[in-house]
Amino acid sequence: MLSFLTLSFLFLHTFPVYTLPTIFSWDNTKFIYAFGDSYSFVQGTQGHANFSFIGDAIDFSFTPQQLFANEIIPKNTSSEGSNWLEFLTGCFHGHPSACPKQLWDFAFAGADISKSLLPLHHPYTIPLVDQVTQWMTYASNVIPHPPSETLTTWWIGINDTGDTLTNSSITHFNAFWETEMTAYFNAVALAYQHGLHTHLFLNVPPEERSPNTLSNPTRVALMNNHIQAFNSILTNHINQFAESHPDAVLLSFDTYNWFNTVLDSPQTFGFTNITGFCTCTNPEGYFWYNGGHPTERVHQLLAKAIDAYLHRSSSS
């Protein structure tokens, strides 16, 4: 059982809120749109198995009828159960419109930011910029997104920072991250232009502490370097977007520090193993479900922290 003080400490690990004229109320938020990778995807009945809520790069389009017939399949995420978006919204199964907060999830497992910058994991992968295009083309005029009741979440970069570890074609990484971030925020701008004005950004967690990386000290150091640079440049671009879009609401949650807090004091949070993993039906005590993805318990705790942050960030 986590104490109130422990949870309160966790909730403080956020990077800056940008105070803007538009009012944000988490209690009044009814629609959540999600873009990202495997940490955010939920499985849909009309999605690519183990990768998406709806469609893929090969079967990119869908009709309004297909979208409204689509349902979330319970406990089919990158954890052994539900993920942070499901805990955050209460949208665990069935059609999103029946949920307390409707979760419309366009994240795709294995996604990087742009296929023009890094190779796709699979021919059917939809990278972030194309997720936004898919939403804009086939969903933006179909499902509601009233500005005062809608939140858009962005969690990307986990694959990008990992996929570049052995990419010898990249010689100047800061320049590369800047190029990636330009593509990222062009996608954010496109979403903004089509009515998504309130945004929550999550940065890259400490994947250097995942079982996939821990056994190789050289890889650990390089991964840490990539993530720190990516997260720093992400913060800069959030600031720049805030300055150029004063009627938007930009919120940021620091998953890098949040993960580290839990990993540094695992027993406080009920974890007994933070270096191995258990790809099993009940990985009790494990932080990691597999070599690079956390368990349902981590997602549940993360959702509590984000929920508290969103309440603190609310104007009413």
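Residues numbered from 1 in each chain as written. Predicted model: local features only at pLDDT ≥ 70, side-chain atom pairs only at ≥ 80, totals over all residues. Heavy atoms only, no water.

Trainee: Can you tell me about the overall build of the chain, naming the residues and giving the values?
Mentor: A tally of helices and strands in the chain yields ten helices and nine strands. Here the C-alpha radius of gyration of the chain, 18 Å, is about what a compact globule of 316 residues would show, namely 20 Å. Taken along its principal axes, the extent of the C-alpha atoms in the chain is 50 × 50 × 40 Å. Buried positions account for 58% of the 316 residues belonging to the chain. In the chain, the proportion of contacts linking residues at least 24 apart, taken out of those at least 6 apart, comes to 76%. (Helix = DSSP H or I, 4+ residues; strand = E, 2+ residues; numbered from the N terminus. Rg over C-alpha atoms; globule rule 2.2 N^0.38 Å. Buried < 20%, exposed > 50% of the residue type's maximum accessible area, 1.4 Å probe, protein only. Contact = heavy atoms within 4.5 Å.)

Trainee: Report on the pairing of strand E7 (residues 249-253), specifying residues and quantitative values.
Mentor: Burial runs high along E7: five of the five residues are buried. Judged by which residues are buried, E7 turns out to be covered on both faces: Val249, Leu251 and Phe253 on one side and Leu250 and Ser252 on the other are all buried. Where strand E6 (residues 198-202) lies against E7, five bridges are found, and the strand directions are parallel. What sits directly across from leucine 202, in E7, is phenylalanine 253. (Pairing = 2+ DSSP bridges.)

Trainee: Quick one: what's the story with the packing of aromatic side chains, residue by residue and with numbers?
Mentor: Scanning all chains against the criterion turns up 28 aromatic pairs. Relative to tryptophan 177, the ring of phenylalanine 173 has its centre 5.9 Å away and its plane inclined at 35 degrees; by these criteria the two rings are tilted. Residue phenylalanine 173 and its partner tryptophan 177 are both found in helix H6 (residues 173-193); the two are separated by four residues, about one turn of the helix. Between the aromatic rings of tyrosine 184 and phenylalanine 185, the centroid separation amounts to 4.9 Å while the plane-to-plane angle is 35 degrees, which identifies the pairing as tilted. Among the residues examined, phenylalanine 185 registers a relative accessible area of 7% and is labelled buried. Linked through ring pairs, Tyr33, Phe35, Phe106, Trp135, Trp154, Tyr184, Phe185, Tyr192, Phe201 and Phe241 together constitute an aromatic cluster. Sitting above the plane of the tryptophan 26 ring, lysine 101 keeps its charged end 4.3 Å from the centroid. (Phe/Tyr/Trp six-rings, centres within 6.5 Å; stacked < 30°, edge-to-face > 60°. Lys NZ or Arg CZ within 6 Å of the ring centre and 35° of its normal.)

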